[in-house]
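# Close look at the chain arrangement
Residues per chain, in single letters:
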Amino acid sequence: MTATKQPLIGKTLDELAQVAAEFSLPRFAAKQMAQWLYDKRATDIEQMTNLPKNARALMAQKYCVGREQPVECHRSADGTAKYIYKGVPGRNVEAVMIPDKERATLCVSCQAGCRMNCAFCMTGRNGFDGNLTAADIMNQIMSIDESTSLTNIVFMGMGEPTDNLDQVMKALEILTAPWGFAWSPKRITVSTIGNIDGLRRLLDQSKVHIAISVHTPFDSERRAIMPVQNAWPVAKVMELLRKYDFTGQRRLSVEYTMWAGKNDDIRHADALARLLDGTNARVNLIRFHKVPGFDGSSADNKIMTAFRDRLNSLGITATIRASRGEDIMAACGMLAGKNNKSNG
């Protein structure tokens, strides 16, 4: 974002009211600004013509709308598009748009890198460079070519949402509030490794769908590939989730990447079904895409099908996720933001 001026996108209605007060504008000017930013998609303060001209001029000395175009865009043969944005000094971030018939889903990033250090994820393997602001998050959503035709948003890009939860919650408020995008929370999914405190806040303060990264039901195996298991064991995460209702408007899903000979046998399927008992979770089985430094290959399609069928027979709804954007390094676990270490 612009270094010398504060961006207006990413601000909530209360924060916009504070901006209005700075320039002796009435509180209703905050709703006018919100309409220009999030409905009319203004790119310049001067376009906000129902604000007094002198106030616009003064405001423009300190603030900007904050919209910035992607640095690059790479398009896959399957239609998937990976957008590269300025993130923090030294590290750019990536957002991925996935078209699928009548759906257009944007996978957004919330951090430049990640502190969770999952062994199989390129984002974490490249380290952590900083948190994104709500303005950075909203800019990913508002500045892609397909912005106005998006049907869904998933916080499954670079970073762990519960490790930057204040900014993620601001973005969720903007997306769902009547003065913002006015989206139904059913159009948004937030993925997490299972930070229990952050997850509880997400559940209590929003109505978005939740996705939990599990990848193996066994404690020792998960600890070996996901250090988070030491702080927040997945069994404890499921204990929390059983206290919430996922039978109605809100959906709970489990992300399960499958590696040949590591977590793809019937023993794992049975243990996963036991782990998820009482949660009403659906399981997304994910093909692994090779990343440097991790010893693993994707499970065979027949093995994945057998695993899926076993879960279904045990009362757990499971599907195999279609792989998208691998040719542009946009598939699950492949986002790195490493192709630009020079934006500082």
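Residues numbered from 1 in each chain as written. Predicted model: local features only at pLDDT ≥ 70, side-chain atom pairs only at ≥ 80, totals over all residues. Heavy atoms only, no water.

### Observations regarding the nonpolar core
What counts is decided by this rule: To define a nonpolar core, start from buried Ala, Val, Leu, Ile, Met, Phe, Trp, Tyr and Cys residues and group those joined through side-chain atoms within 4.5 Å. Buried means the residue's accessible area, taken with a 1.4 Å probe over protein chains only, is under 20% of the maximum for its type, while exposed means over 50%, and partly exposed covers the values in between. Note on definitions: a residue-residue contact is assigned when non-hydrogen atoms from the two residues lie within 4.5 Å.
If you look at the biggest cluster of nonpolar residues, it comprises 96 residues, and the most contacted ones within it are Met-59, Phe-155, Val-283 and Leu-311. Every residue in contact with Phe-155, bar those within four places of it in the chain, is listed here: Val-108, Ile-137, Pro-161, Val-168, Ala-171, Leu-172, Leu-175, Ile-188, Thr-189, Val-190 and Ser-191. In terms of nonpolar packing, the next biggest core, distinct from the first, is built from 15 residues, Phe-120, Met-226, Phe-288 and Val-291 among them.

### What about the pattern of salt bridges?
The line we're drawing: In what follows, salt bridge is the name for a side-chain nitrogen of Lys or Arg lying within 4 Å of a carboxyl oxygen of Asp or Glu. The secondary structure listing takes helices from DSSP runs of H or I that are at least 4 residues long and strands from runs of E that are at least 2 residues long, numbered from the N terminus.
Taken as a whole and assessed by the stated rule, the structure comprises 17 salt bridges. Of the charged contacts, one joins Lys-53 and Glu-46 as a salt bridge, the two residues approaching to 3.7 Å between their closest N and O atoms. Given the relative accessible area of 59%, Lys-53 is considered exposed. As a salt-bridge pair, Asp-145 and Arg-75 come within 3.3 Å of each other at their nearest N and O atoms. Of this pair, Asp-145 sits in the loop between α5 (134-142) and β9 (152-155) while Arg-75 sits in strand β3 (residues 72-75), and the two are 70 residues apart along the sequence.

### A closer look at the environment of Cys-73
Along the chain, Cys-73 turns up in strand β3. Classification of Cys-73 by relative accessible area gives partly exposed; the value is 34%. A C-alpha to C-alpha distance of 28 Å links Cys-73 and Lys-186, two positions 113 residues apart in sequence. In this view, Cys-73 contacts Ala-81, Lys-82 and Tyr-83; residues no more than four positions away in its chain are not counted.

### Comments concerning the packing of aromatic side chains
Basically, it comes down to this: To pair, rings of Phe, Tyr and Trp, with the six-membered ring standing in for Trp, must have centres within 6.5 Å; the planes then decide the type, stacked if under 30 degrees apart, edge-to-face if over 60, and tilted in the middle. When the NZ atom of lysine or the CZ atom of arginine is within 6 Å of a ring's centre and also within 35 degrees of its normal, the charge is said to sit over that ring.
In this structure the tally under the stated criterion is ten aromatic pairs. For the ring pair Tyr-38 and Trp-179, a centre distance of 6.2 Å and an interplane angle of 50 degrees mean the geometry is tilted. Remark: Trp-179 occurs in the loop between α6 (165-176) and β10 (188-192) and Tyr-38 occurs in helix α2 (residues 28-39); sequence separation between them is 141 residues. The same class applies to Tyr-38 and to Trp-179, which are both buried. Every member of this aromatic cluster is reached through a ring pair, and the members are Tyr-38, Trp-179, Phe-181 and Trp-183. Sitting above the plane of the Phe-128 ring, Arg-115 keeps its charged end 4.1 Å from the centroid. Positioned above the aromatic ring of Trp-183 is the side chain of Arg-187, whose terminal nitrogen or guanidinium carbon lies 3.6 Å from the ring centre.

### Re the pairing of strand β11 (residues 209-213)
So the rule is basically this: Here is how to tell: hold the view so the strands point away, follow the path from the first strand over the helix to the second, and if it runs clockwise the crossover is right-handed. When DSSP finds two or more bridges between a pair of strands, those strands are recorded as paired.
Counting buried residues along β11, five of its five residues qualify, which places the element largely inside the surrounding structure. Of the two faces of β11, the one lined by His-209, Ala-211 and Ser-213 and the one lined by Ile-210 and Ile-212 are each fully buried. With helix α7 (residues 196-205) bridging β10 and the parallel β11, this β-α-β connection has right-handed handedness. Sheet topology note: the β11/strand β12 (residues 252-258) ladder contains four bridges and is parallel. Within the sheet, the bridge partner assigned to Ile-210 lies in β12 and is Leu-252.

### Regarding the sheet that holds β11
Here is the rule: For helices, the fitted line uses only the C-alpha atoms of the stretch in contact; every axis is such a line through C-alpha atoms, and the angle between N-to-C directions lies from 0 to 180 degrees.
Taken together, ten strands build an open sheet; the order of strands is β3-β4-β5-β6-β9-β10-β11-β12-β13-β14 and the sheet is mixed. The open sheet terminates on both sides in strands that have one partner only, identified here as β3 and β14 (318-320). On average, adjacent strands in this sheet sit at an angle of 25 degrees to one another, irrespective of strand direction. In terms of strand pairing, strand β6 (residues 103-107) meets β9 through three bridges, oriented parallel. Bridge assignment links Cys-107 to a residue of β9, and that residue is Val-154.

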